[in-house]
Every structure is written in C-alpha cells, then in structure tokens.
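The lines below spell out each chain.
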Amino acid sequence: MPKLIHRAGGILAPICIATFFLSTLLVELFGSHEAVARLKSLIVTPGLWILIPAIAAAGSSGMLLSKARGGRLVDAK
C-alpha cells in the first residue's frame, strides 16, 4: 500500500505543478486581466488542496518505504 500511495503522490504532484505553470503561461499570454485573476483563484483554492496532500503523501510514504532499505541513494534522499 505505501508503494501505491508513493507512486500516486509522485505522479500527481508534478502533474499539478506542470498544469499550474502551463495554464498560467497561456492565460498570461492570451487572456484578459479577469482571466488571470480567475486562474490564480482556481490555482489557490482547489489546486493547493490537491497539491499539498500529494506532496505530503509522497514524502511520508517515501520515508516509510526507506526504513526497509539502505544505501547511498536512500541516504542522499
């Protein structure tokens, strides 16, 4: 189960960040001031409620998974 949670959080968090970045870039280039304000509002309200738990899930499940392993890579992370 921790592997599944780690994988889901590790996939969802970068997708959220890429979506925030790409949508911001596009609306800044082609949108109005109202569209920019609406997008920023959408990034904060539902967007951060998805991103922050995804990062927390990836980090906490990664710590849990690393307890059973050792080595330079785990020590570096």
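Structure report, in brief. (Residues numbered from 1 in each chain as written. Predicted model: local features only at pLDDT ≥ 70, side-chain atom pairs only at ≥ 80, totals over all residues. Heavy atoms only, no water.)

**Describing helix H1 (residues 2-30)**
- Over its 29 residues, H1 extends 42 Å from the first C-alpha to the last, a length consistent with the 42 Å expected when each residue adds 1.5 Å.
- When we look at burial in H1, the residues that qualify are Gly9, Ala13, Cys16, Phe20, Thr24 and Val27. (Helix = DSSP H or I, 4+ residues; strand = E, 2+ residues; numbered from the N terminus. Expected span 1.5 Å × (residues − 1). Buried < 20%, exposed > 50% of the residue type's maximum accessible area, 1.4 Å probe, protein only.)

**Regarding a nonpolar patch on the surface**
- Together, Phe21, Leu22, Leu25, Leu26, Leu29 and Phe30 make up an exposed nonpolar region whose accessible area comes to about 680 Å².
- Mapped onto the secondary structure, phenylalanine 21 falls in helix H1.
- What makes phenylalanine 21 exposed here is its relative accessible area of 58%. (Patch = residues over 30% accessible without salt bridge, like charges linked within 9 Å, V, L, I, M, F, W, Y side chains within 5 Å. Areas by Shrake-Rupley, 256 points an atom, 1.4 Å probe, with all protein chains shown as cover. Salt bridge = Lys/Arg side-chain N within 4 Å of Asp/Glu carboxyl O.)

**Here we look at the environment of phenylalanine 20**
- One can find phenylalanine 20 in helix H1.
- Through-space distance from the C-alpha of phenylalanine 20 to that of serine 32 is 17 Å; in sequence the pair is 12 residues apart.
- Among all residues touching phenylalanine 20, those that are not within four sequence positions of it are Ile43, Gly47, Leu48 and Leu51. (Contact = heavy atoms within 4.5 Å.)

**Some thoughts on helix H2 (residues 33-66)**
- The end-to-end C-alpha distance of H2, which contains 34 residues, comes to 46 Å, matching closely the 50 Å that a straight helix rising 1.5 Å per residue would cover.
- By the largest-angle criterion, glycine 47 marks the main kink of H2, which is about 55°.
- Buried residues of H2: Val36, Leu39, Ile43, Gly47, Leu51, Ala54, Ala58, Ser61 and Gly62, and no others.
- Buried residues in H2 make contact with H1. (Bend = angle between axes of the 7 residues up to and from the residue.)

**Section: the side chain of threonine 24**
- On the secondary structure map, threonine 24 appears in helix H1.
- Look at threonine 24 and you get buried, because its relative accessible area is 17%.
- With sequence-adjacent residues up to four places away left out, threonine 24 is seen in contact with Leu39, Lys40 and Ile43.

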